[in-house]
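Structure at a glance
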Amino acid sequence: MSNIKVNLENTGLEKKELMKYNEKVEKAHDELHNVADKEDEFVGWLHLPTNYNKDEFERIKKAAEKIKKDSEVFVVIGIGGSYLGARAVIESLTNTFYNLLPNKKTPQIFFVGNNLSPNYLSDLLECIGNKDISINVISKSGTTTEPAIAFRIFREFMESKYGIDEARKRIYVTTDKERGALKKLSNEEEYETFVIPDNIGGRYSVLTAVGLLPIAVAGINIDKLMYGAKTAEDKYNEKSVKYNECYQYAVARNILYNQEKTTEILVNYEPKMQYFTEWWKQLYGESEGKDKKGIFPAGATFTTDLHSLGQYIQDGRRNLFETIISINHPQTDIKIKKDADNIDGLNFVANKTMDYVNKKAMEGTIEAHVSGGVPNILITLDKLDEENLGELIYFFELACGISGKILGVNPFNQPGVEAYKKNMFKLLGKPEV
Ligand code: PA5
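As a starting point, this report considers the structure included with it. Here the structure is a predicted model, which means the values were calculated and not measured.

A look at the overall build of the chain
Counting secondary structure elements, the chain contains 17 helices and ten strands. Taken along its principal axes, the extent of the C-alpha atoms in the chain is 65 × 65 × 45 Å. Here the chain holds 433 residues, and 52% of them are scored as buried. For the chain, contacts bridging at least 24 residues in sequence account for 79% of all contacts bridging at least 6. With an accessible surface of roughly 20,600 Å², the chain has 51% of that area assigned to carbon and sulfur atoms. The centroid of the 56 positive side-chain charges in the chain is displaced by 1 Å from the centroid of its 63 negative side-chain charges.

Following this line, the structure appears as structure tokens:
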């Protein structure tokens, strides 16, 4: 059963306005479904929760078990779509301070190769010290500079720590099935290798080996994650906007964009979901920001950011709308006790839970922002677990594909990402090939 609910009440949009987009949406739906199983189109994610490679899935679980047994630290090397999904799921579903948790049966997990800071890598190597380690290098092209540099450094670190043979058993590669430098190296070194399917782009790849191996190493149930995604695949298969809440979200954001609401802030009230927001930002930014068009995807964690961005959102330039993710039941809750002296004046919340207060903060903020001219879309989840998150991932992927097509861009390419690389390579004197 699906748990996601979309509420557009605070956008001021009525169903009949959404329905004006129905023809476009149905066309976009057909376009996606018509090419979903083609090898040369980037729509492989559409039926992935049904069609995923079951043999590889079992191999991922086996590798994760080995890593859990023989490693105290697991380093995930990748950038953009090759790390954000894994980090989003792991941070959303584990203890907020996962890496500090004592006596856990899973390794500490660190993400590298997502920047070029020498401090970042040196600091991490210092923290890893003598601990047992495995790494997963993830790159579809196999040539992306940031992960390639980090991999070179970690490979050397592991080979000098373990010797070449043992290091080989602790290096896991996720890459293209046949092309690229990383694939070539994996063949030569006989690293255990997982495949990024040809028809799934980086930012849509969290439910492939790209996300699943690190997620499984963190002890998260990947069967349930896929089950949640499958629930969404079935639920959002209806092509009319009238019945499909995922498409309603896609249409609502396009209508708001056409009303000059050019920035969407994904808001959550749960710090665990900060990297979910980062994943979402990449998904929408890279998919829609092209041809001089597209909503700018921003993110905020409330109530934290109400004390930094709150002023702007309430009162600044009126080009914003918010999409709020609200979770009905937190994983844990804490009751606020009554204090006999009440010096802090907080007894008005005595015997209430922190989640209750958080929800009232959310209700109060929605009311304030909506009356301040910031339309709000509310997406409610029953709870933050594997199934719900799998469902939410699929929801946003599908909405993004449809939304990009309504906007009139190709949601599955990212030509703009090449510009900085071209300049950087020129400045670094990279030989032309
Ligand atoms: O979504 C994308 O395609 C990108 O963000 C890529 O995932 C990112 O640039 C990393 O590329 P690669 O996996 O080839 O190293």
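There's plenty left to go through after this.
Observations regarding the site of the ligand
As a structural note, the neighbourhood of the ligand is formed by 13 residues, with S82, S139, S141, T144 and Q282 the closest of them. A distance of 2.8 Å is found between an oxygen atom of the ligand and a backbone nitrogen or oxygen belonging to K140. For the ligand, the accessible surface in isolation is 380 Å², of which the surrounding protein chains cover 88%. Among the cavities detected, the one that contains the ligand is the largest pocket.

Details of helix α5 (residues 84-93)
Across the ten residues that make up α5, a large majority, nine, are buried. L84, G85, A86, R87, A88, V89, I90, S92 and L93 are the residues of α5 that are buried. Packed against the buried residues of α5 are β3 (108-112), α6 (118-128), α10 (209-217), α11 (222-235), α13 (274-288) and α16 (386-407).

Comments concerning the pattern of salt bridges
Under the criterion given, the structure shown has 30 salt bridges. Residue K239 pairs with D30 through a salt bridge whose shortest N-O separation is 3.0 Å. You can see K239 sitting in the loop between α11 and α12 (245-258) and its partner D30 sitting in helix α2 (residues 22-35), a full 209 residues away along the chain. Given the relative accessible area of 31%, K239 is considered partly exposed. For E192, the salt bridge identified is with R59, shortest N-O distance 2.8 Å. Of this pair, E192 sits in strand β6 (residues 192-195) while R59 sits in helix α4 (residues 54-70), placing them 133 residues apart in sequence. One salt-bridge network, held together by shared partners, links R155, E159, D165, R168 and E189.

Describing the nonpolar core
With 96 residues, the main nonpolar core has L213, F276, W279, F396 and L398 as its most contacted residues. For this core, the element with the highest residue contribution is α16, accounting for twelve residues.

What about the pairing of β6?
Of the strand pairs in this sheet, strand β5 (residues 171-175) and β6 are connected by four bridges, and their pairing is parallel. Bridged to T175 within β6 is V195. For the handedness criterion, the β-α-β arrangement of β5, helix α9 (residues 181-189) and β6 is classed as right-handed.

Remarks on unusual backbone geometry
For the bond from F302 to T303, the omega torsion is 10°, close enough to zero to count as cis. Its place among the elements puts T303 in the loop between β8 (296-301) and α14 (310-315). Even without being glycine, D291 reaches a positive phi, approximately 55°. With respect to the helices and strands, the residue D291 is situated in the loop between α13 and β8. Even without a glycine there, the phi angle at K292 is positive, about 60°. With respect to the helices, strands and loops of the structure, K292 is situated in the loop between α13 and β8. The exposure class assigned to K292 is exposed, which follows from its relative accessible area of 88%.

Section: the side chain of T301
Summarising the element assignment, T301 is placed in strand β8. Taking the relative accessible area as the measure of exposure, T301 reaches 10% and is therefore buried. Residues in contact with T301, not counting those within four places in the same chain, are N268, E270, P271 and Q274.

Things to note about the layout of surface pockets
In this structure, the largest pocket occupies an estimated 1,100 Å³ of space. E286, Q414, V417, E418 and K421 are, among the 41 residues lining the largest pocket, the residues nearest its centre. Among the elements of the structure, β4 (133-139), α7 (145-162), α13 and α17 (418-428) are those that each provide at least two residues to the lining of the largest pocket. In terms of residue class, the lining of the largest pocket is built from twelve nonpolar, 17 polar and twelve charged. Taken as a whole, the second largest pocket holds about 720 Å³ of empty space.

Calculation notes
Residues numbered from 1 in each chain as written. Predicted model: local features only at pLDDT ≥ 70, side-chain atom pairs only at ≥ 80, totals over all residues. Heavy atoms only, no water. Helix = DSSP H or I, 4+ residues; strand = E, 2+ residues; numbered from the N terminus. Buried < 20%, exposed > 50% of the residue type's maximum accessible area, 1.4 Å probe, protein only. Contact = heavy atoms within 4.5 Å. Areas by Shrake-Rupley, 256 points an atom, 1.4 Å probe, with all protein chains shown as cover. Lys, Arg positive; Asp, Glu negative; His and termini not counted. Charge placed at Lys NZ, Arg CZ, Asp CG, Glu CD. Near = heavy atom within 4 Å. Polar contact = N/O pair within 3.5 Å; in protein donor to acceptor, adjacent residues only side chain to side chain. 1 Å grid on protein atoms, 1.4 Å probe; cavity = no way out; pocket = protein on both sides within 12 Å on 5 of 7 lines; lining within 4 Å. Sits in = over half its atoms within 2 Å of the grid points. Salt bridge = Lys/Arg side-chain N within 4 Å of Asp/Glu carboxyl O. Core = buried A, V, L, I, M, F, W, Y, C linked by side-chain atoms within 4.5 Å. Pairing = 2+ DSSP bridges. Right-handed = clockwise from strand over helix to strand, strands pointing away. Points joined across faces, edges and corners; volume = space filled by probe spheres on them. Nonpolar A, V, L, I, M, F, W, Y, C, P; charged D, E, K, R; others polar.

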